Amino acid sequence: MARILLSLFNQTINSVLYFFSYHISQSLKGGSMRAFLCLFAVFVLVACSDKEDKITLFEKGIRALSYEAYDVAVNYFERSCYAGFAKSCEQAARLYQEGMGIKIDHERALELLIEGCENDARTCLLVAQYDSPQLSKQQAQKLYEEYTDKACRMGQISACEELALQNSGRKATSYLRFACKNANAHCDGAKFYAFAGAFYFHQDERERAIPFLDKACRKRQNFMPYPWTRLERKKRTRLCLRPF
């Protein structure tokens, strides 16, 4: 609905601009410089009226919040949100979710967060974790899986790690690869296995850590993927030592 209203608004602005463009051209033909200057001034004002950038709109929204003008604030936040500023989407969604000065609308709040997710991985996590009484358990689970996965693929390491713990086999490994690459662009071979092994080890998932640590050591001799004890570091044997 918001997209439709925004589209209608832009069409109206374009119609107004066309109207003034036409009359400016007519003024030029008639040789009326005064009329031309007046119309041109109006043209500039109208053209610039919709040019407020997303940061300015966000700041105006924050200022309106400080005066508890919630209806004004949400208007600024929504305009900034659809201009591509995820923080504004989050602010507007919070107002709708909590009913701060406006009617509670979970559907609208979720719609704004999904819009913000297009530009920000962290906002995708807010979609995944959204708590709405209007969502069934199946719908909430589907939303969680879809948007946690999207956050991971957009570079949110915590989302990848969360999914790696919840899944197993190749699917878990694929999420760990995303996490490793998000943390380090050059994450392959021994580096990946060390990363995955250390991750599971720190999560007290030692049985899942062992295969990865073993592979890391086989890929590179003397490669110790975990901060070993001083005694083990001094030995520097060509065998892979396990921290278990």
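Residues numbered from 1 in each chain as written. Predicted model: local features only at pLDDT ≥ 70, side-chain atom pairs only at ≥ 80, totals over all residues. Heavy atoms only, no water.

S.K.: When you look at helix α7 (residues 121–128) in this model, what are you seeing that I'm missing?
M.R.: Helical periodicity: at 3.6 residues per turn, an α-helix aligns residues three or four positions apart in one direction. In terms of burial, α7 is largely enclosed, as six of its eight residues are buried. Buried within α7 are the following residues: A121, T123, C124, L125, V127 and A128. Along its buried surface, α7 packs onto α5 (86–98), α6 (106–117), α8 (137–153) and α9 (157–166). For α7, the N-terminal capping position is held by D120, with its side-chain oxygen 3.3 Å away from the main-chain nitrogen of R122. (Buried < 20%, exposed > 50% of the residue type's maximum accessible area, 1.4 Å probe, protein only. Helix = DSSP H or I, 4+ residues; strand = E, 2+ residues; numbered from the N terminus. Contact = heavy atoms within 4.5 Å. Polar contact = N/O pair within 3.5 Å; in protein donor to acceptor, adjacent residues only side chain to side chain.)

S.K.: Just to check I follow, could you spell out the pattern of salt bridges for this structure?
M.R.: If charged atoms from side chains of opposite charge come close, those side chains can pair. Counted by the stated rule, this structure contains six salt bridges. Note that E98 is salt-bridged to R94, the shortest N-O span being 3.9 Å. Within this pair, E98 and its partner R94 are both found in helix α5, separated by four residues, close to a single helical turn. By relative accessible area, E98 is classed as partly exposed at 47%. By relative accessible area, R94 is classed as partly exposed at 30%. When the shortest N-O distance is used, the salt bridge between D149 and R153 registers 2.7 Å. Highlighted residues: D149 and R153, both in helix α8, separated by four residues, approximately one helical turn. Here D149 falls in the buried class, since its relative accessible area comes to 16%. (Salt bridge = Lys/Arg side-chain N within 4 Å of Asp/Glu carboxyl O.)

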